[in-house]
Amino acid sequence: MTDVVDSDELLRRMQRARASARQEERTWRARSETLRSTDPEAARDAAVRTLAYETVLTVLDEILTPGRHSDQR
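Keep in mind the model is a prediction, meaning the values are calculated, not measured. (Residues numbered from 1 in each chain as written. Predicted model: local features only at pLDDT ≥ 70, side-chain atom pairs only at ≥ 80, totals over all residues. Heavy atoms only, no water.)

Draft legend 1. Expanded view of the overall build of the chain. A count of helices and strands for the chain gives two helices and zero strands. Its C-alpha atoms give the chain a radius of gyration of 16 Å, clearly above 11 Å, the size a compact globule of 73 residues would have. Dimensions of the chain along its principal axes, counting C-alpha atoms only, are 50 × 35 × 15 Å. Counted over contacts in the chain with a minimum sequence separation of 6, partners at least 24 positions apart contribute 55%. Put simply, the chain has 13 plus and 14 minus side-chain charges, and the middle of one group is 2 Å from the middle of the other. (Helix = DSSP H or I, 4+ residues; strand = E, 2+ residues; numbered from the N terminus. Rg over C-alpha atoms; globule rule 2.2 N^0.38 Å. Contact = heavy atoms within 4.5 Å. Lys, Arg positive; Asp, Glu negative; His and termini not counted. Charge placed at Lys NZ, Arg CZ, Asp CG, Glu CD.)

This is the structure:
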């Protein structure tokens, strides 16, 4: 892929990625809570995926709004 994109397009792509990661995080969190009593192993897997998406969100938030989240550490 050799497409050249301008900064506005790059920003839009990162914002879409953040929105997608936020939705995935919510989905996996709900799945973890639903499976907790019936399938503990699947619930743990869902919880790990939730943490992964939380990490992606933290990184994207810091890129898109630098310094805003530095006090949460």
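Draft legend 2. Molecular detail of the environment of Asp-61. Position of Asp-61 among the secondary structure elements: in helix H2 (residues 40-64). Linking Asp-61 and Leu-11, residues 50 residues apart in sequence, is a C-alpha distance of 12 Å.

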